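One letter stands for each residue in the lines below.
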Amino acid sequence: IWVGSDLSFKFWGLRSFFLAGLVLWHLAEGVRAQPHPLAYFNQAAGGASNGWRHLVDSNYDWGQDLPALRRWMDDHPGGIALSYFGSDEPSAYGIRYRDAWSLNRYPDIPGSPARAGSGRESQMSNADPIRWGVVSATNLVGVYLPGDPFAALRARPPAERITPALFVYDLAADPVARRVFLKNP
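What counts and what doesn't
- Starting from 1, residues in each chain are numbered consecutively following that chain's sequence as written.
- Per-residue local features are limited, in this predicted model, to residues with pLDDT of at least 70; the limit for side-chain atom pairs, both in listing and counting, is 80 or more; totals at the level of whole chains, interfaces and linings are taken over all residues.
- Excluded from the side-chain calculation are hydrogens and water; included are all heavy atoms of the structure.
- Comment: elements are numbered from the N terminus, with helices defined as DSSP H or I runs of at least four residues and strands as E runs of at least two.
- Note on definitions: a residue-residue contact is assigned when non-hydrogen atoms from the two residues lie within 4.5 Å.
- Residue exposure ignores everything except the shown protein chains as possible cover, and the areas themselves are Shrake-Rupley values with a 1.4 Å probe.
- To sort residues, take the accessible area from a 1.4 Å probe on protein chains only and compare it with the maximum for the residue type: under 20% means buried, over 50% means exposed, and anything in between is partly exposed.
- When we speak of the arc, we mean the arc of directions from the helix axis to the C-beta atoms.
- Each polar contact in these results corresponds to two N or O atoms within 3.5 Å; when the atoms are within protein, one needs to be able to donate a hydrogen and the other to accept it, and residues that are neighboring in sequence are counted only if both atoms are side-chain atoms.
- We call a set of buried Ala, Val, Leu, Ile, Met, Phe, Trp, Tyr and Cys residues a nonpolar core when their side-chain atoms join them within 4.5 Å.
- Exposure above 30% relative accessible area and no salt bridge define the residues that can form patches, which grow by joining like charges within 9 Å and nonpolar side chains of Val, Leu, Ile, Met, Phe, Trp and Tyr within 5 Å.
- Think of a salt bridge as a Lys or Arg side-chain nitrogen and an Asp or Glu carboxyl oxygen that are within 4 Å of each other.
- In this scheme, strands are said to pair when DSSP sees at least two bridges between them.
- All axes are obtained by fitting lines to C-alpha atoms, using only the stretch in contact for helices, and the reported angles, taken between N-to-C directions, cover 0 to 180 degrees.
- Cavities and pockets were defined on a 1 Å grid built from protein atoms only: a cavity is a group of points that admits a 1.4 Å probe but offers it no way out, a pocket is an open group of points flanked by protein on both sides within 12 Å along at least five of seven lines, and a lining residue is one with an atom within 4 Å of any such point.
- Grid points are joined across faces, edges and corners, and a volume is the space filled by probe spheres set on the points.
- Classification convention: Asp, Glu, Lys, Arg as charged; Ala, Val, Leu, Ile, Met, Phe, Trp, Tyr, Cys, Pro as nonpolar; all other residues, Gly among them, as polar.

Moving on to the overall build of the chain. When helices and strands are tallied, the chain shows 4 helices and 5 strands. Nonlocal contacts in the chain, meaning residues at least 24 apart in sequence, comprise 61% of its contacts between residues at least 6 apart. Entry remark: accessible area of the chain is about 10300 Å², with carbon and sulfur atoms responsible for 61%.

What follows is the structure, encoded as structure tokens:
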């Protein structure tokens, strides 16, 4: 009887220790997701950096990252071609850009946040040099855009990720990305 109770204690003690470790790991992952909690995915799903491979739109990308893009632009000279998923206007954050396949340019798509006469007018002329291509995760996956314009980029690593939902491609160094971003309808 004494031996049986000793084994029972060891089993439940180890089990409790293991469960406590899992809870602490889960809490640490939640804290680590800040300041981008919308993009949180647990490690079994690949973490926040791979969540876009599973879910997009309101599950991952609401177009919430325009302030982060503005801060990034302060440290990275050169114009941007922007494919933005969201209803806010990038120019409201001081973002000058050339539109590249943004969702609300297609008002015939159900759910498109198009606003008559004001949707995603480009803030840069065609003569302005473009160095960077920036695409929201939802547009990169091609859920709503006609013809899936970013299919060629999904397997290519971006030059940088500003946030989990914003992918940056260096158009000076990546000819495939350059063709995709600057072949604007």
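Turning our eyes to something else, we now look at helix H4 (residues 175-182). By the burial criterion, the buried members of H4 are Ala-177, Val-180 and Phe-181. Taken down its axis, H4 places every buried residue within 90° of arc, on the same side. Considering only its buried residues, H4 is in contact with strand S1 (79-83), strand S3 (130-136) and strand S5 (166-170). Residue Asp-174 occupies the N-cap position of H4, its side-chain oxygen lying 3.1 Å from the main-chain nitrogen of Val-176.

Bringing the nonpolar core into the picture now. Among the nonpolar cores identified, the biggest contains 17 residues, and Val-135, Leu-140, Phe-150, Leu-153, Tyr-169 and Phe-181 are the most heavily contacted of them. Broken down by secondary-structure element, the contributors of at least two residues to this core are S3, helix H3 (137-141), S5 and H4. Here this core takes 3 residues from H4, the largest share from any one element. The contacts of Phe-181, once residues within four sequence positions are left out, are Ala-81, Ala-100, Gly-133, Val-134, Val-135, Phe-150, Leu-153, Tyr-169 and Leu-171. In terms of nonpolar packing, the next biggest core, distinct from the first, is built from 15 residues, Leu-66, Ala-68, Trp-72 and Tyr-97 among them.

Now for a nonpolar patch on the surface. On the surface, a nonpolar cluster with roughly 420 Å² of combined accessible area is contributed by Phe-18, Leu-19, Leu-22 and Trp-25. By secondary structure assignment, the location of Leu-22 is in helix H1 (residues 2-32). By relative accessible area, which is 35% here, Leu-22 ends up partly exposed.

Below, the discussion takes up the pairing of S5. Burial of S5 is extensive: 5 of the 5 residues sit out of reach of the surface. Alternating positions in S5 separate into two faces, Leu-166, Val-168 and Asp-170 on one and Phe-167 and Tyr-169 on the other, with burial throughout. Alignment of strand S4 (residues 160-163) against S5, held across 3 bridges, turns out to be antiparallel. Note on S5: the bridge partner recorded for Arg-161 is Phe-167.

Backbone geometry places Asp-148, a non-glycine residue, at a positive phi of 50°. Within the secondary structure, Asp-148 sits in the loop between H3 and S4. Residue Asp-148 is classed as partly exposed on the basis of its relative accessible area of 26%.

On to the sheet that holds S5, then. Within a sheet, each strand pairs with its neighbour through backbone hydrogen bonds, oriented either parallel or antiparallel. One open sheet holds the 5 strands; their spatial order is S2-S1-S3-S5-S4, and the pairing between them is mixed. Since the sheet does not close on itself, it has two edges, and those belong to strand S2 (98-99) and S4, each with one partner. Sheet analysis places S1 next to S2, joined by 2 bridges and oriented parallel. When the sheet's bridge partners are listed, Ala-81 is paired in S2 with Arg-98. Each of S1, S3, S4 and S5 touches helix H2 (residues 66-75); the most contacted strand, S4, lies at about 130° to it.

This paragraph deals with empty space enclosed by the protein. Considering all chains together, one arrives at 1 cavity of 30 Å³ or more under this definition. Considering only enclosed or pocket space, the largest cavity measures out at about 40 Å³ in volume. Around the largest cavity, the lining comprises 10 residues; the ones closest to its centre are Asp-65, Leu-66, Tyr-84, Ser-136 and Leu-166. Tallied by class, residues from the lining of the largest cavity come to 5 nonpolar, 3 polar and 2 charged.

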